[in-house]
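Spelled out, the chains give:
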Amino acid sequence: MSVSDRIKVRRSFKLIQCVGCFIVFSLSLFAQQPAPVQSQATSMLLAQAREMMETGNPETLLPYLKEILIRLEGNTADDAQTTRAFCMYQIGVCQMQTGQYAAAVAAFEDFIKTYPDDTSASLAALLTAESYALQQDWAGAEKAVRPLLQDRRFTVKHQLTVRQILSEALYRQQKWNEAVAPLLEVFKLAEREESRSSAALMLVVCYAKNGDFENLNKFLPYCGDSVRQDAGLNMTLIETGDKKSAEGEYQKALKLYRMVFMKEELIAHYEHQMEEIKKILTQPYGQRIGTTRSAYDEEHSLKQMQFDRMAEQLKTIKAGANYDLDISLRMARCYAGLQRNWMACTLYNRIYTAFPDHELAEESRFRAFMLLLNMPQEQEAALSEGQAYLDHYPANKYTDETFLNLMQLLLNAGKINEAQAMGQKALKQCPDHRYIDQVRYLLAVIDFQKQDYTLAQAAFTEIRVRWPACIYAEACEYWRAMCCLFLAQYDEAVSSFNAYLKNPAYPQKAFAEDVSYRLGIALYGKGEYPGAEKVFRRFLDDFPDSVLRSEAFCMLGDLRGAEGELGISLDFYRKGMDAAANIEQVNYAVFQAAKVYELQKNYQAVIELMEKYLKDRGAEGNFAGAGFWMGKAYKAMNQYSKAIATYVNTIVRFGNIPENDNVDLILRELVKEFKSEQGQVHKDEFINTLAGALKQAETRKEKTLVLRIQTLFAYVTDGAERDSYIRAILKESSIDKSGALTLLLFAEESFRHQEYTLVYKACDRFSKVFEASEILPDVMNIKLSALVQEAKYPEAIALAEELTNRFGYQAQIGLTRKLKADALRLSKQYDAAVTTYNELFAVREWRGPLTPESLYWIGYCLELQGKSGEAFAFFQRVYVLYEGYAHWTAKAYEGSVRCLEKLGRRDDMLKTLREMLSKAEIAATPEGKQAQALLTKLAPSGGGK
Amino acid sequence: MKARSALFVTGLMLVFGLPSLHAQADMKARITYDKGVSVNVENPVARDNAVVLPQGVLPFSRISRIDFEFGDGLTAEKCGILFKSGAIDSLEKLLTAALKQADPFMNLPGNLDVYLTWQMKVQFWNGRYAEMNKTVDLLRKRNAPSSGLTGMYTTLAMAEQNRNDDAAKIFAAVDKADAISEPMALFVRARLAMTKREYRQALQYLARVVILHDKDTEWVPAATLYEGLVYKRTGYLEAAGNVAKELVERYPDGYWTRRAEELK
């Protein structure tokens, strides 16, 4: 309650005290009648004044006192002086009571000046200070009250009042530091709980403003119920909390925020207080010793006024906005600062769930997203939260940040396609994106990762030109140079790397280490070998802790090796092995060294090197490569049996784990070896070695290894023997135990047996476990074929698209496109089918056996669309250009005959039939036989010739 | 008035504010019997399933309820205040002494349920699970309104004793756990998740206790403590340290401050 709130409330003469927060005033309730003062005798005036003082009516009393003063002017008698002094003092009191504070100040000052030794002089001085306070003239109040601090004439109660006035005056003038001492005295001296609470409140605010958290903390508990709702206190708690939060003292901030009255608490507090007042108001007056009716009425009016005011305030509080959510948001930040992330997340979540339309809901959702983003194990949750933000706020305060962060999140998760889509969406949705340079940079990085170096190069160049001050400017320069390197633009790469290293704009040079190494690579690519060697040697000197040291050593090995200095070269490769920071670097050094040994014809060294490599690296290493090199070395040493044994041993050693797909590479190598000339010479030995390995694996119940060796047998045997292996493999329970090659065989054979459910299971398993296998497209093509066979065309088309997007222009994707075209054709989407068949001719890797087939099917589609002339032309191209493909040539002749018949070109039809039958291979096909029958029917005399 | 420092005042208030915990006090009982007749008795004595009154012997079978008023001002409200202030050891001592006096009347209906419920709580938090089980049995026998809580405290006790399967089974049998006490049900779920090392899930439950039930004087400090334990177990020692500080600051000089030591 402020002074101005209470100013209308006054108390009786002797009890006047007006110290804003400390004292509650009573009402003046005395009704009076006007009196004709000038006409009355002095004795009457005095008698009337005395009576009025007893009944307490300052307004009516004031003219009497003034009149008495006039009448006694110049009278020096003691009695007259005493009366005059009394009247002067009481005039001040009456003026104070009637709200004429300035006049009261003047009256009291006049009184003190005239009668400095009067017993009421000290009290008058105190009332002067009070009058200043009631005018809210706090500087005046301070000035008036300071001299009274040492006045020994005051009672303890008045001493308290002096300190109350002084402390509030200082407090109101925001003299936080000076206010503390008198407030502490008030806190100690005050007996009334309300006064102590008020002192505590002001102390808390002062300490908060002074940054004295410890003392603030001490006095917070003393802010009692009567002051807890004080807006100033709550604001102070928030402000100090904010200060602490900004200083990183989250625990302290949290404590302060928790002390703030939330709206619900405030309402409950008001309702409780009002209930208490109501109880007092309903108590009837009871005559007791020491109580008067007037005092009861005065108290009653005061309480009623207090109740009405609180009711009004409560209405405002209920209707108004609250800062609860602001506090919750602040608390959430503190929890996050304390690394209690789930507390913070739950708070944010509560804000946007419970108050979805509140302005802070957006802030909360964004903060929750950012918080999850910084929790390494919650990246999926962060993704959902970020996407939810974008769904709710497609063009709001944090939309740009969210897009950018989501892009980075997806990139870090290796989901580059999704990251790219996110970046493109960001640019489309927010053309004036605040972080457009960063989005464009990330998109360029994605292009680089997708090995589209031309696009990436252009993008990095554009970013540097358009946004030279971009935070990624340095990175752009680096990546642009890297694009040059990867595009084999070595001149440009060399000058770009050199320019970067000399660029004074980047004093820190974040990419210096990498660039110093890549410069050597670029020079190497350019053919400047001495320059490259110099750069690699300098790199090794300059970056003794670099993870690229192994690669630099190997490059020096390559350079020296190319010069024929095989010994020096080997030395560098050994250093490369020692400095390797990862398995890829080890592999490069080891296999390059093997090549050198091979050049030296030191096959024993190859074998020893690989044995050591396998011992050191085990399944982590490229054991298939090692096995391959050892086999090769044994073969070169004319130890063929040992070579085969090495291959088989490698399979046996690492082959019982389905995920070891390097084993399958050796299996394929063995199949090739078996079918070679030398393999056929050692066929029995080969089979015996494998059979021994199979038997041992069966004994040891190494299911995966058994399946792998059975797969090998299935590839190198035929007839009944092969069938027995196939039967052993084709069990559903084998799927989870199978390696990559076994699953491929499984899928092929299941498809052959039209066991499509098994095909799907094997393919799905393959796709899950061998995601990076080079034969994955082959396996998925089998699944695609099964879908087409089962007339599941929409699924087939979708899978084909997925595979194309994933594997691009790989050779196997030709079949994928052909199968998609088949699905379109079979679902009678002929135009789309023709378009897709046409794709087969555009990509070099896709041409071959699929070309005549596609030509045939294009003709077939056109024929079904009634375009016999066009169809004929396509059929004709098959047997003119691809005669070697008998199956499609026969079908194409048949198609041509049909078209010619439809076109009414009977002579051409007969001519085509005869041409078809003139080719023995074609004549022997089912289509050839039908053609013969047709020709016989159409031209019996001409026969088949 | 003699001037005192604010701290001195605080000290005095605490000294005078706390109850005299160890004094043995008298017990009063209001016995309601027959058709609503009631009588006040000081230190009631039981003999052969009856109360010995000055005016004669009143068999238990005629008593419809007996409400106790314990010495030392031990009331249900005071139990709450002591629990909230973290004086769990003291509360347990007071309850043990009071309920020992009331032991002969344990099978009679009346206001003992509320004290037994407090006893179950403090026995749980002080790790006296065997004693807690006896209190749980008593509450069940008395058909106390808090019998729903017993299942949840038993679950927690099982979890504390690493009897994880039993804990899960008992909790599964608790009917409408959320209706009994939502913060407690969340806490129990968090504890069960912790037994399965599902720490992420546990933290989510604990956060809901702390944030959505921030006025709860039992489950908020409990959830805060276990939040810290999760951090400690998962290697987030800085966060665990922050939680320990919070417990010490928010619940000074009591049970939770002592438990905060576990986080260091």
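Residues numbered from 1 in each chain as written. Chains lettered and ligands numbered in written order. Predicted model: local features only at pLDDT ≥ 70, side-chain atom pairs only at ≥ 80, totals over all residues. Heavy atoms only, no water.

**A short note on the overall build of chain A**
For step 1, the next point in the chain: Tallying secondary structure elements over chain A gives 50 helices and zero strands in all.
For step 2, the next point in the chain: Here chain A has a C-alpha radius of gyration of 50 Å; the compact-globule value for 945 residues is 30 Å, and the former is much larger.
For step 3, the next point in the chain: Reported as C-alpha extents along the three principal axes, the dimensions of chain A are approximately 165 × 75 × 60 Å.
For step 4, the next point in the chain: Relative to its full complement of 945 residues, chain A shows a buried share of 51%.
For step 5, the next point in the chain: About 44800 Å² of surface is accessible on chain A, with carbon and sulfur atoms providing 51% of the total.
For step 6, the next point in the chain: Of the charged side chains in chain A, 114 are positive and 122 negative; the average position of the first set lies 2 Å away from that of the second. (Helix = DSSP H or I, 4+ residues; strand = E, 2+ residues; numbered from the N terminus. Rg over C-alpha atoms; globule rule 2.2 N^0.38 Å. Buried < 20%, exposed > 50% of the residue type's maximum accessible area, 1.4 Å probe, protein only. Areas by Shrake-Rupley, 256 points an atom, 1.4 Å probe, with all protein chains shown as cover. Lys, Arg positive; Asp, Glu negative; His and termini not counted. Charge placed at Lys NZ, Arg CZ, Asp CG, Glu CD.)

**A closer look at the overall build of chain B**
For step 1, the next point in the chain: The number of helices and strands found in chain B is 13 helices and six strands.
For step 2, the next point in the chain: For the C-alpha atoms alone, the extent of chain B along its principal axes is close to 70 × 60 × 25 Å.
For step 3, the next point in the chain: Here chain B holds 264 residues, and 49% of them are scored as buried.
For step 4, the next point in the chain: A sequence separation of at least 24 residues applies to 59% of the contacts in chain B between residues at least 6 apart.
For step 5, the next point in the chain: Surface exposure of chain B reaches about 13200 Å², of which carbon and sulfur atoms provide 52%. (Contact = heavy atoms within 4.5 Å.)

**A few points about the sheet that holds strand β3 (residues 45–46) of chain B**
For step 1, the next point in the chain: Here we have three strands laid out as an open sheet, ordered β3-β4-β5 (chain B), and antiparallel in their pairing. Single-partner strands in this sheet number two, and they are β3 and β5 (56–59) of chain B. (Pairing = 2+ DSSP bridges.)

**Description of the sheet that holds strand β6 (residues 63–69) of chain B**
All names here are of chain B.
For step 1, the next point in the chain: Within the open sheet, the three strands sit side by side as β2-β1-β6. Their pairing is antiparallel. Each edge of the sheet is formed by a strand with only one pairing partner; in this case those strands are β2 (37–42) and β6. Taking the axes of each pair of neighbouring strands and ignoring which way they run, one obtains an average angle of 20 degrees across the sheet.
For step 2, the next point in the chain: As paired strands, strand β1 (residues 28–33) and β2 are joined by six bridges and run antiparallel to one another. Directly across from Tyr33, in β2, lies its bridge partner Val37. (Axes fitted to C-alpha atoms, helices over the stretch in contact; angles between N-to-C directions.)

**A few points about the domain arrangement of chain A**
For step 1, the next point in the chain: Examined at the domain level, chain A breaks down into domain 1 (3–249), domain 2 (262–285 + 292–320) and domain 3 (848–945).
For step 2, the next point in the chain: The gap between the C-alpha centroids of domain 2 of chain A and domain 3 of chain A is 106 Å. (Domains from an automatic or database assignment.)

**As for the interface of chain A and chain B**
For step 1, the next point in the chain: Contact residues are listed per partner, giving 27 residues for chain A and 30 residues for chain B.
For step 2, the next point in the chain: Carbon and sulfur atoms make up 57% of the area that chain A and chain B hide from each other, which totals about 2400 Å².
For step 3, the next point in the chain: On the chain A side of the interface with chain B, the three residues burying the most area are A:Arg340, A:Trp342 and A:Met343, jointly 25% of the side's total.
For step 4, the next point in the chain: For B:Glu246, the salt bridge identified is with A:Arg258, shortest N-O distance 2.7 Å.
For step 5, the next point in the chain: Linking chain A with chain B are eight residue pairs in polar contact (both at pLDDT 80 or more).
For step 6, the next point in the chain: Listing elements by their share of the side of chain A that touches chain B, those giving two or more residues are α9 (176–189), α11 (213–219), α13 (250–259) and α17 (341–354) of chain A.
For step 7, the next point in the chain: The element best represented in the side of chain A that touches chain B is α17(A), accounting for six residues.
For step 8, the next point in the chain: Considering only residue class, the side of chain A that touches chain B consists of twelve nonpolar, five polar and ten charged. (Buried area = accessible area lost by both parts, 1.4 Å probe. Salt bridge = Lys/Arg side-chain N within 4 Å of Asp/Glu carboxyl O. Polar contact = N/O pair within 3.5 Å; in protein donor to acceptor, adjacent residues only side chain to side chain. Nonpolar A, V, L, I, M, F, W, Y, C, P; charged D, E, K, R; others polar.)

**Describing the pattern of salt bridges**
For step 1, the next point in the chain: All chains considered together, the criterion is met by 79 salt bridges over all chains.
For step 2, the next point in the chain: Put simply, A:Glu363 and A:Arg367 hold a salt bridge, and the shortest N to O gap is 3.0 Å. Here the residue A:Glu363 and the residue A:Arg367 both occupy positions in helix α18 (residues 359–373), the gap between them amounting to four residues, near one helical turn.
For step 3, the next point in the chain: A:Glu363 gets classed as buried once you look at its relative accessible area, which sits at 10%.
For step 4, the next point in the chain: For A:Arg367, a relative accessible area of 26% puts it in the partly exposed group.
For step 5, the next point in the chain: One salt bridge connects B:Asp178 with B:Arg189, and the closest N-O pair in it is separated by 2.9 Å. Separated by eleven residues along the polypeptide, B:Asp178 in helix α8 (residues 177–180) and B:Arg189 in helix α9 (residues 182–195) bring together distant segments of the chain.
For step 6, the next point in the chain: Residue classification places B:Arg189 among the partly exposed residues on the basis of a relative accessible area of 23%.
For step 7, the next point in the chain: Shared partners join several salt bridges into a network, and the residues in it are A:Glu214, A:Lys244, A:Glu247, A:Glu249 and A:Lys252.

**With respect to the pairing of strand β4 (residues 50–53) of chain B**
Residues and elements named next belong to chain B.
For step 1, the next point in the chain: Examined bridge by bridge, β3 and β4 share two bridges and lie antiparallel to one another. Of the residues in β4, the one forming a bridge with Ala46 is Val51.
For step 2, the next point in the chain: With four bridges connecting them, β4 and β5 associate as antiparallel partners. The residue of β5 that forms the bridge with Val51 is Leu58.
For step 3, the next point in the chain: Here β4 folds back onto β5 in antiparallel fashion, the turn holding two residues.

**As for the confidence of the model for chain A**
For step 1, the next point in the chain: For chain A, the mean per-residue pLDDT works out to 88, and 95% of the residues sit at or above 70.
For step 2, the next point in the chain: In the model, residues 1–34 of chain A has pLDDT below 50 throughout and makes 102 contacts with residues more than four positions away in sequence or in other chains. (pLDDT = per-residue confidence, 0-100.)

**Some details on the environment of A:Gln339**
For step 1, the next point in the chain: Examined against the element boundaries, A:Gln339 turns out to sit in the loop between α16 (324–337) and α17.
For step 2, the next point in the chain: When its relative accessible area of 30% is taken as the criterion, A:Gln339 is described as partly exposed.
For step 3, the next point in the chain: Distance in space between the C-alpha atoms of A:Gln339 and A:Leu371 is 9.9 Å, their sequence separation being 32 residues.
For step 4, the next point in the chain: A distance of 3.2 Å separates the side chain of A:Gln339 from the side chain of B:Glu238, its partner in a polar contact.

**Focus on helix α38 (residues 719–729) of chain A**
Residues and elements named next belong to chain A.
For step 1, the next point in the chain: Listed as buried for α38 are Arg722, Tyr725, Ile726 and Ile729. Around the axis of α38, the buried residues are gathered within 100 degrees of arc, so they sit on the same side. In α38, the exposed positions that point more than 90 degrees away from the buried face belong to Ala720 and Arg727.
For step 2, the next point in the chain: At its buried positions, α38 is contacted by α36 (683–699), α37 (703–716) and α39 (740–752). (Arc of directions from axis to C-beta.)

**Quick notes on empty space enclosed by the protein**
All names here are of chain A.
For step 1, the next point in the chain: Summed over all chains, the structure comprises two cavities of 30 Å³ or more.
For step 2, the next point in the chain: By volume, the second largest cavity amounts to about 30 Å³.
For step 3, the next point in the chain: Forming the walls of the second largest cavity are Glu598, Tyr603, Val606, Trp629, Lys632 and Ala633.
For step 4, the next point in the chain: Looking at the lining of the second largest cavity, the elements that each hand over two or more residues are α31 (603–617) and α32 (623–636).
For step 5, the next point in the chain: Looking at the lining of the second largest cavity, the element that brings in the most residues is α32, giving three residues.
For step 6, the next point in the chain: Of the residues assigned to the lining of the second largest cavity, the class counts are four nonpolar, no polar and two charged. (1 Å grid on protein atoms, 1.4 Å probe; cavity = no way out; pocket = protein on both sides within 12 Å on 5 of 7 lines; lining within 4 Å. Points joined across faces, edges and corners; volume = space filled by probe spheres on them.)

**Quick notes on the packing of α32(A) against helix α34 (residues 662–675) of chain A**
All names here are of chain A.
For step 1, the next point in the chain: Two elements in contact, α32 and α34, have axes whose closest approach is 8 Å; the angle formed by their N-to-C orientations is 30 degrees. Relative to α34, α32 is oriented roughly parallel. For the pair α32 and α34, the contacting residues are Phe623, Ala624, Phe628 and Lys635 in the first and Asn662, Val663, Leu665, Ile666, Glu669 and Glu673 in the second.
For step 2, the next point in the chain: A breakdown of the residues in the contact of α32 with α34 according to their chemical character gives six nonpolar, one polar and three charged. (Parallel < 35°, antiparallel > 145°, perpendicular 65-115°, else oblique.)

**Re the confidence of the model for chain B**
All names here are of chain B.
For step 1, the next point in the chain: Taken as a whole, chain B shows an average pLDDT of 87; of its residues, 91% reach a score of 70 or greater.
For step 2, the next point in the chain: Highest mean pLDDT in chain B belongs to α9 (97); lowest belongs to helix α1 (residues 6–17) (27).
For step 3, the next point in the chain: Note that residues 1–25 has pLDDT below 50 and, in this model, 27 contacts with residues that lie over four places away or in other chains.

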